[in-house]
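# Descriptive analysis of the structure
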Amino acid sequence: MDPYTLSDTLEALADAETARRQRKQAQPLRGIRGTPLAEVARIAAAAQQESPARLPEHAAELGELFAAAWEDGLVAIGLLAATVPDSPHDALDVGLDWLGRIDDVATADALGWLVLGGGCLASGEPLSSLGKPMHVAAKRAVVMAAMAALPEPLEGASAAALRSKLSQRRVAWVDSPQSEVIAEHLNGWLRDEMPPVRKAVRRVLRAWTKWDPAAVTAWGDAVRGGLPKMLRAEVERARRRAARMTS
C-alpha cells in the first residue's frame, strides 16, 4: 500500500465548504482536508480491494497514513481493521500505539470499535487489557471498544474497508451480545465524569439495550452506590424494553 497516493487522492477530493462544516465537529491537530465522508468511505473500500494492508509488513505505512490528516486517519483505521481477522494481535498492537495520538470523537469511536474492540475479541484478549489511559479521546476509544461485543453493524467511513474485504453490506464482530464482557468493561468507567467518556458509556448502553435489555437492567441494578443520572435513565429505558418483550 502507498500512503502518499491515498493522501493525494483524499486531498484532490477535498473542498473548502466540506472542511468548514467538518471543523465545526472536530479540530484535530492533524488537520482536516475537507474530503466528504462518502468519498473517504469509497477510497477506503477501493484501497482494500486494490492494495490491502498486511501486518506486520505495512505497520509503518499505515502509521504514516494515520498521521497525515483527519480523513487519512479514518482510511488508515479502516485498512487496519481489515487486518484484524488475519492478524488480530498485530492489529491490536498498532491500534494501541495510535491510541495516544487521537484527539477527536469520530477517530476515537472508529479506533475503539473497529480495531481495539475487534482486536481484543479476535485475539482472545480481555477488554481490560486496553488499560485506563488518561487522555479523554483515548478514554472514549477504550469505552467504545465494548461496541465490538454487540452484533451491532459497524458504522462510519472507516468500516467500508472491512465491508469491502468481506464483500458484505453489513458487518458486525459478533453474532450475539456478549453481555458479561460488556458489563465487566463498563464497570471500570462508571465514575469517569468527562462528558465524551460518559456519552460513550451511554451509547454502549443504548446499543446493548437493543440486543439484551434484561442484561442491562440486571447490570444497572447490581451497581454499588447507584448510577449517574444519565446512565440511570438508560437502565430504566432497558427495564421498560425488557418488560415489553416479556409481556
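Computed from a predicted structure; not experimentally measured. Residue positions within a chain follow its written sequence, with the count starting from 1. Residue-level local features of this predicted model are given only where pLDDT is at least 70; pairs of side-chain atoms are given and counted only at 80 or more, and the full residue set underlies all totals for whole chains, interfaces and linings. As a rule here, side-chain values cover all heavy atoms of the structure and leave hydrogens and water aside.

Now for the packing of helix H5 (residues 70-81) against helix H7 (residues 105-123). Only the stretch in contact is used when fitting a helix axis, every axis being a line fitted to C-alpha atoms; angles between N-to-C directions are given from 0 to 180 degrees. A run of H or I in DSSP counts as a helix once it spans at least four residues, and a run of E counts as a strand once it spans at least two, with each numbered from the N terminus. Running from N to C, H5 and H7 point in directions that differ by 5°, and their axes come no closer than 9 Å. As far as their axial angle goes, H7 and H5 are roughly parallel. Residues Trp-70, Leu-74, Ile-77, Leu-80 and Ala-81 of H5 form the contact with H7, whose participating residues are Ala-106, Thr-107, Ala-110, Leu-111, Leu-114 and Val-115. Angles are sorted into four bins: roughly parallel if under 35 degrees, roughly antiparallel if over 145, roughly perpendicular if 65 to 115, and oblique for all others. We call two residues contacting when some pair of their heavy atoms lies within 4.5 Å.

Between two packed helices, the angle of one axis relative to the other and the distance separating the axes together describe the packing. Contact pair helix H1 (residues 3-12) / helix H4 (residues 59-68): the axes reach a minimum separation of 9 Å and the direction vectors enclose 25°. In terms of their interaxial angle, H1 and H4 are classed as roughly parallel. When you trace H1 past H4, the crossing you get is right-handed. Between H1 and H4, the contacting residues are Pro-3, Tyr-4, Leu-6 and Ser-7 on the first element and Glu-61, Glu-64, Leu-65 and Ala-68 on the second. Any residue that is not Ala, Val, Leu, Ile, Met, Phe, Trp, Tyr, Cys, Pro, Asp, Glu, Lys or Arg is counted as polar, Gly included; the first ten are nonpolar and the last four charged. For the contact of H1 with H4, the residue count by class is five nonpolar, one polar and two charged. Crossings are sorted by hand: turned counterclockwise from the far helix by less than a right angle, the near helix makes the crossing left-handed, and turned clockwise it makes it right-handed.

Before going further, it helps to examine the nonpolar core. Each nonpolar core is a collection of buried residues, namely Ala, Val, Leu, Ile, Met, Phe, Trp, Tyr and Cys, held together in the definition by side-chain atoms within 4.5 Å. The cut-offs for exposure are 20% and 50% of the maximum accessible area for each residue type, with area from a 1.4 Å probe on protein chains only; residues under the lower value are buried, those over the upper are exposed, and the others partly exposed. By size, the foremost hydrophobic cluster in this structure holds 79 residues, and its most contacted members are Leu-79, Trp-98, Leu-186, Trp-208 and Trp-219. In contact with Trp-208, other than residues within four places in its own chain, are Leu-150, Ser-179, Ile-182, Ala-183, Leu-186, Pro-213, Ala-215, Val-216 and Trp-219.

Salt bridges are defined by distance alone: a side-chain nitrogen of Lys or Arg within 4 Å of a carboxyl oxygen of Asp or Glu. Going through the model one piece at a time under the given rule, you end up with 18 salt bridges. A salt bridge links Asp-97 to Arg-101, with the nearest nitrogen and oxygen atoms 3.3 Å apart. Take Arg-101: its relative accessible area is 37%, and that puts it in the partly exposed class. Each of Asp-109, Arg-140, Glu-155 and Arg-203 takes part in a single network of salt bridges with overlapping partners.

Time to look at H1. Looking at H1, one finds that the buried residues are Pro-3, Leu-6, Ser-7 and Leu-10. Projected down its long axis, H1 shows its buried positions confined to an angular sector of 100°, all on one face. Along H1, exposed side chains directed more than 90 degrees from the buried face belong to Tyr-4, Asp-8 and Ala-12. Here the buried face of H1 lies against helix H3 (37-50), H4 and H5. Pairs of N or O atoms within 3.5 Å make up the polar contacts considered here, provided that, within protein, one atom can donate a hydrogen while the other can accept it, and that residues adjacent in sequence are counted only when both atoms are side-chain atoms. The N-capping residue of H1, defined by a side-chain oxygen 3.0 Å from the backbone nitrogen of Tyr-4, is Asp-2. The directions considered for the arc run from the helix axis to the C-beta atoms.

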